[in-house]
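The chain contents come next:
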Amino acid sequence: DVKVTQSSRYLVKRTGEKVFLECVQDMDHENMFWYRQDPGLGLRLIYFSYDVKMKEKGDIPEGYSVSREKKERFSLILESASTNQTSMYLCASNGQNQPQHFGDGTRLSIL
Amino acid sequence: TQLLEQSPQFLSIQEGENLTVYCNSSSVFSSLQWYRQEPGEGPVLLVTVVTGGEVKKLKRLTFQFGDARKDSSLHITAAQPGDTGLYLCAGERSGNTPLVFGKGTRLSVIA
């Protein structure tokens, strides 16, 4: 079975902090994705990556950056956390022409 | 503009009833996936449909992809409380492009 692991289920941080969300997949997938999910807005794509050291902006990249130094790991970085970044963050991965598999999510609260 | 429209947004039914959830678009998709998400968890893949007119069955769940590959439906027969959750459809427009997600249908099945 595909396993996508997100480092934290729940996280509470303060405004202005630099926040790291980690995601690891064990299926040697080329593609990895970061989404945020908010009530009434659905899933929105923040950043994605099709290869190591490669990144592409999604629909809402402002205030975020990503890092993919190794194939299995895709990190989402909130450079200076703000309260409007309080959300559920979901990581996903897939191989070529394969469906996406999701992690369990990180519920992030910015106080 | 929401590329994938899901309806209804909310659905509350009694155990044993049948229901249908719709996913519609003006765009053509090369494939379409259905996911189910429980509170506090990540979406879990139910099925992928790739051929226009395709019908797939998963126990009491029947998935159909429209002939023109622009729409899909999920039919649940004799719903059970365990079917409760958020149902998401997601379409892939061409090979290896990010998925487009609908906003989801929140289903509640009451015993």
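Scroll up a little and you will see the structure.
Read on for an overview of the structure. Owing to the predicted nature of the structure, the values given are computational and were not obtained by experimental measurement.

## What to know about the nonpolar core
- If you look at the biggest cluster of nonpolar residues, it comprises 21 residues, and the most contacted ones within it are Leu19, Leu32, Trp34, Leu74, Ile76 and Leu107 of chain B.
- Grouped together as the second largest cluster of nonpolar side chains are 20 residues, Met32, Trp34, Ile60 and Cys91 of chain A included.

## Focus on the pattern of salt bridges
- If you walk through the whole model with that rule in mind, you get eleven salt bridges over all chains.
- Put simply, Lys71 of chain A and Asp28 of chain A hold a salt bridge, and the shortest N to O gap is 3.2 Å. Linking Lys71 of chain A in the loop between β7 (64-70) and β8 (73-78) with Asp28 of chain A in the loop between β3 (19-25) and β4 (31-38), this pair joins segments that are 43 residues apart in sequence.
- For Arg60 of chain B, the salt bridge goes to Asp83 of chain B, with nearest N and O atoms at 2.9 Å. With Arg60 of chain B in the loop between β6 (55-58) and β7 (61-65) and Asp83 of chain B in the loop between β8 (71-76) and β9 (85-92), the pair connects residues that are 23 residues apart, well separated along the chain.
- Here Arg60 of chain B falls in the partly exposed class, since its relative accessible area comes to 24%.
- Classification of Asp83 of chain B by relative accessible area gives buried; the value is 8%.
- Residues joined in a network through salt bridges with shared partners are Arg9 and Asp104 of chain A together with Glu41 of chain B.

## Section: the interface of chain B and chain A
- With 18 residues of chain B at the contact, the number on the chain A side is 22 residues.
- Both sides together, the interface formed by chain B and chain A hides about 1500 Å², and carbon and sulfur atoms give 52% of it.
- The interface formed by chain B and chain A contains one salt bridge.
- One salt bridge in this structure joins Arg9 of chain A and Glu41 of chain B, with 3.5 Å as the shortest N-O distance.
- Inspection of the region where chain B meets chain A yields five residue pairs in polar contact (both at pLDDT 80 or more).

Rules used in this analysis
Residues numbered from 1 in each chain as written. Chains lettered and ligands numbered in written order. Predicted model: local features only at pLDDT ≥ 70, side-chain atom pairs only at ≥ 80, totals over all residues. Heavy atoms only, no water. Core = buried A, V, L, I, M, F, W, Y, C linked by side-chain atoms within 4.5 Å. Buried < 20%, exposed > 50% of the residue type's maximum accessible area, 1.4 Å probe, protein only. Salt bridge = Lys/Arg side-chain N within 4 Å of Asp/Glu carboxyl O. Helix = DSSP H or I, 4+ residues; strand = E, 2+ residues; numbered from the N terminus. Contact = heavy atoms within 4.5 Å. Buried area = accessible area lost by both parts, 1.4 Å probe. Polar contact = N/O pair within 3.5 Å; in protein donor to acceptor, adjacent residues only side chain to side chain.

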